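# Structural overview
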Amino acid sequence: RLGVLVMLLPRFLWQSLVAGVDVARRAFSPRLPLAPGFVDYPVGLPRGAARNVFELISSLMPGSVASGGTETRIEYHCLDTAQPVVEQLAVEERAYAAALLPGKRHG
């Protein structure tokens, strides 16, 4: 499914840019509140290459980094747990599942 992954490249690059700007903005602006902590995301992807790629890609979301997990959950460290992190992760997982798990419907 290389073609699908290539079509997702602009999304990946845009998210990298947005994440970098957002983290820098939060780090240098005392007015922006932060609520750092951990959230658990109930992942649908099985352990293996597809899930590893999803963890890598999703770590580009502004202020979140995959930091562990179990068979059914990924733990993310977030700069602001008040943000809709779990909902954003669900959107990303659906977007990438078609490319990461060819032949399977997801979400």
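See above for the structure.
The following paragraphs examine the structure supplied in this document. It should be emphasised that the depicted structure is a prediction, and the values quoted were computed from it without experimental measurement. (Residues numbered from 1 in each chain as written. Predicted model: local features only at pLDDT ≥ 70, side-chain atom pairs only at ≥ 80, totals over all residues. Heavy atoms only, no water.)

Its place among the elements puts Gly 68 in strand S2 (residues 64-69). Note: C-alpha distance between Gly 68 and Asp 40 (28 residues apart in sequence) is 9.4 Å. Once residues lying within four places of it in the same chain are set aside, the contact partners of Gly 68 are Arg 73, Ile 74 and Glu 75. (Helix = DSSP H or I, 4+ residues; strand = E, 2+ residues; numbered from the N terminus. Contact = heavy atoms within 4.5 Å.)

Attention shifts here to the sheet that holds strand S3 (residues 73-78). Taken in spatial order, the three strands line up as S1-S3-S2 in an open sheet, and their pairing is antiparallel. For this open sheet the edge positions go to strand S1 (37-42) and S2, each flanked by a neighbour on one side alone. On average, adjacent strands in this sheet sit at an angle of 35° to one another, irrespective of strand direction. Judged from the six bridges that link them, S1 and S3 form a sheet pairing that is antiparallel. By the bridge assignment, Pro 42 is partnered in S3 with Arg 73. (Pairing = 2+ DSSP bridges. Axes fitted to C-alpha atoms, helices over the stretch in contact; angles between N-to-C directions.)

What follows covers the packing of aromatic side chains. Taken as a whole and judged by the stated rule, the model has one aromatic pair. Ring centres of Tyr 41 and Phe 54 lie 6.2 Å apart, and the angle between their planes is 40°; on these two criteria the pair is classed as tilted. Of this pair, Tyr 41 sits in strand S1 while Phe 54 sits in helix H2 (residues 49-58), placing them 13 residues apart in sequence. Across the pair, exposure class does not vary: Tyr 41 and Phe 54 are buried alike. (Phe/Tyr/Trp six-rings, centres within 6.5 Å; stacked < 30°, edge-to-face > 60°. Buried < 20%, exposed > 50% of the residue type's maximum accessible area, 1.4 Å probe, protein only.)

Any two side chains of opposite charge can pair, given that their charged atoms come close. In this structure the tally under the stated criterion is two salt bridges. A salt bridge links Arg 47 to Glu 71; its shortest N-O distance comes to 3.3 Å. Within this pair, whereas Arg 47 is found in the loop between S1 and H2, its partner Glu 71 is found in the loop between S2 and S3, the two being separated by 24 residues in sequence. Judged by its relative accessible area of 48%, Arg 47 is partly exposed. Where Glu 55 meets Arg 51, a salt bridge forms, and the shortest distance between an N and an O atom there is 3.4 Å. Of this pair, Glu 55 and Arg 51 both sit in helix H2, four residues apart, which is roughly one turn of the helix. Note on Arg 51: relative accessible area 3%, which makes it buried. (Salt bridge = Lys/Arg side-chain N within 4 Å of Asp/Glu carboxyl O.)

Ranked by internal contacts, the top residues of the largest apolar core, which has 14 residues, are Tyr 41, Val 43, Leu 45, Phe 54, Tyr 76 and Leu 89. Ignoring anything within four residues of it in the chain, the contact list for Tyr 41 reads Phe 54, Thr 72, Arg 73, Ile 74, Tyr 76, Val 86, Leu 89, Ala 90 and Glu 93. (Core = buried A, V, L, I, M, F, W, Y, C linked by side-chain atoms within 4.5 Å.)

Its location among the elements puts Glu 93 in helix H3 (residues 85-100). One buried charge, Glu 93, has no salt-bridge partner; the nearest side chain with opposite charge is Arg 94, at 7.2 Å. (Lys, Arg positive; Asp, Glu negative; His and termini not counted.)

This part takes up the environment of Thr 81. With respect to the helices and strands, Thr 81 occurs in the loop between S3 and H3. A C-alpha to C-alpha distance of 7.1 Å links Thr 81 and Val 39, two positions 42 residues apart in sequence. Leaving out residues up to four positions away in the same chain, Thr 81 has contacts with Ala 35, Pro 36, Gly 37, Phe 38 and Val 39.

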